[in-house]
Amino acid sequence: TFRTILESLKALGYEIFYEVLDASDYGVPQFRQRIYIVGFDKEQFKKNPEFFWPRKRNKKVGIGKFIETNVEGYSISKHLQKSYLRKLDDGRPQVVTEESDFPVKTLVASYYKIQRLSGTFVLDGPTGLRLLTPNECKAIMGFPKSFKVPVSRTQMYRQFGNSVAVPVVKAIAKEMAKALEAKE
């Protein structure tokens, strides 16, 4: 499928660059590896065919500083914790606090289904364990805190889980602009 995508873009006249980038290398408190494809019109780009992927940050950003405390309304029931989430002592799911100084696992579109293997939950709330809040999801994806979430909680998790990490796309766009400016 990937080869077909690249061949199709080349057939349409694009000079293609692609790379797997991890959002945690660009200031996002989440490990999120995604393939990014950048294309330039070959006719315009051939005058200066230089494009460089954005530089990675040296230090990862931890989730802790984005964790809210004393949150209600996002709790996971004690029954679900005991019978499903904590049924094995295998370090899963990932549980974070405001002291966590590391990026979280990839936020997926099905996060609302409370998955024990791939989920990240917060040690907080009335039952002791809860889902991520909208502000925490925004931080994980690199959206500003002022970003409005006008959908239900389930849709919010789906949309953030399907989104791209804003700082990564912003960094790529800056490099694209540099490549286009250099050709002029």
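None of the values given here were measured: they were computed from a predicted structure. (Residues numbered from 1 in each chain as written. Predicted model: local features only at pLDDT ≥ 70, side-chain atom pairs only at ≥ 80, totals over all residues. Heavy atoms only, no water.)

Asks: Could you clarify how one ought to interpret the overall build of the chain in this entry?
Replies: Check the secondary structure of the chain and you find six helices and four strands. Listed N to C, the secondary structure of the chain is α-β-β-α-α-β-β-α-α-α in terms of helices and strands. When each of the 184 residues of the chain is scored for burial, the buried share is 39%. Taking the contacts inside the chain whose residues are at least 6 apart along the sequence as the reference set, 68% of them involve residues at least 24 apart. (Helix = DSSP H or I, 4+ residues; strand = E, 2+ residues; numbered from the N terminus. Buried < 20%, exposed > 50% of the residue type's maximum accessible area, 1.4 Å probe, protein only. Contact = heavy atoms within 4.5 Å.)

Asks: Where do I start with a nonpolar patch on the surface in this structure?
Replies: Residues Ile-5, Tyr-18, Val-20, Ile-35 and Ile-37 make up a contiguous nonpolar surface patch of about 420 Å² in total accessible area. Among the elements of the structure, strand S1 (14–22) and strand S2 (33–41) are those that each provide at least two residues to the nonpolar patch. Tracing the sequence through the fold places Ile-37 in strand S2. (Patch = residues over 30% accessible without salt bridge, like charges linked within 9 Å, V, L, I, M, F, W, Y side chains within 5 Å. Areas by Shrake-Rupley, 256 points an atom, 1.4 Å probe, with all protein chains shown as cover. Salt bridge = Lys/Arg side-chain N within 4 Å of Asp/Glu carboxyl O.)

Asks: Explain helix H4 (residues 134–141) here, please?
Replies: Helical geometry note: an α-helix holds 3.6 residues per turn, so side chains three or four residues apart project in the same direction. With six of eight residues buried, H4 is to be regarded as a mostly interior element. Those residues of H4 lying buried are Glu-136, Cys-137, Lys-138, Ala-139, Ile-140 and Met-141. At the C-terminal side of H4, Gly-142 shows a positive phi close to 85°.

Asks: Looking at this model, I keep getting lost on unusual backbone geometry. Mind explaining?
Replies: Of all residues except glycine, most have a negative phi; of all peptide bonds, most are trans. In this structure, Asn-70 takes a positive phi of about 55° despite not being glycine. Along the polypeptide, Asn-70 turns up in the loop between helix H2 (42–45) and helix H3 (78–85). You can call Asn-70 exposed: its relative accessible area is 68%.

Asks: It is not clear to me how the pattern of salt bridges should be interpreted in this structure. Could you clarify?
Replies: Working definition: two side chains of opposite charge can pair if their charged atoms are close together. Throughout the structure, instances matching the rule amount to five salt bridges. Ionic contacts of the salt-bridge type, sharing partners, join the residues Asp-25, Lys-56 and Lys-60 into one network.

Asks: Mind showing me how you'd approach the environment of Ser-110 here?
Replies: Within the secondary structure layout, Ser-110 lies in the loop between strand S3 (94–96) and strand S4 (120–122). Sequence separation between Ser-110 and Tyr-157 is 47 residues; the distance between their C-alpha atoms is 7.0 Å.

Asks: Whenever I open this one, the side chain of Gln-81 confuses me. Can you help?
Replies: The residue Gln-81 is located in helix H3 in this model. Relative accessible area serves as the criterion here: at 7%, Gln-81 is assigned to the buried category. Excluding its chain neighbours within four sequence positions, the residues that come into contact with Gln-81 are Ile-76, Arg-86, Lys-87, Thr-127 and Leu-129.

Asks: Whenever I open this one, the packing of H4 against helix H5 (residues 153–162) confuses me. Can you help?
Replies: Packed helix pairs are specified by the crossing angle of their axes together with the interaxial distance, meaning the distance between the axes. Their axes nearest at 10 Å, the elements H4 and H5 cross at an angle of 10°. The pairing of H4 with H5 is recorded here as roughly parallel in orientation. Between H4 and H5, the contacting residues are Pro-134, Cys-137, Lys-138 and Met-141 on the first element and Met-156, Tyr-157 and Phe-160 on the second. Considering only residue class, the contact of H4 with H5 consists of six nonpolar, no polar and one charged. (Axes fitted to C-alpha atoms, helices over the stretch in contact; angles between N-to-C directions. Parallel < 35°, antiparallel > 145°, perpendicular 65-115°, else oblique. Nonpolar A, V, L, I, M, F, W, Y, C, P; charged D, E, K, R; others polar.)

Asks: Explanation requested: the packing of aromatic side chains in the structure shown.
Replies: For any pair of aromatic rings, the description consists of the separation of the ring centres together with the inter-plane angle of the planes. Under the counting rule described, the total for this entry stands at ten aromatic pairs. Aromatic pair Phe-17 and Phe-51: ring centres 5.3 Å apart, planes at 50°, arrangement tilted. Placement of the pair is Phe-17 in strand S1 and Phe-51 in the loop between H2 and H3, with a sequence separation of 34 residues. Across the pair, exposure class does not vary: Phe-17 and Phe-51 are buried alike. When the centroid spacing of 5.7 Å and the interplanar angle of 25° are considered together, the rings of Tyr-111 and Phe-121 count as stacked. With a gap of ten residues between them, Tyr-111 in the loop between S3 and S4 and Phe-121 in strand S4 connect regions that are remote in the sequence. In this pair, the class of Tyr-111 matches that of Phe-121, namely buried. Three or more aromatic residues joined by ring pairs make a cluster, and in this case those are Phe-17, Phe-40, Phe-51 and Trp-53. Above the face of the Tyr-74 ring, Arg-153 is positioned so that its terminal group lies 3.9 Å from the ring centre. (Phe/Tyr/Trp six-rings, centres within 6.5 Å; stacked < 30°, edge-to-face > 60°. Lys NZ or Arg CZ within 6 Å of the ring centre and 35° of its normal.)

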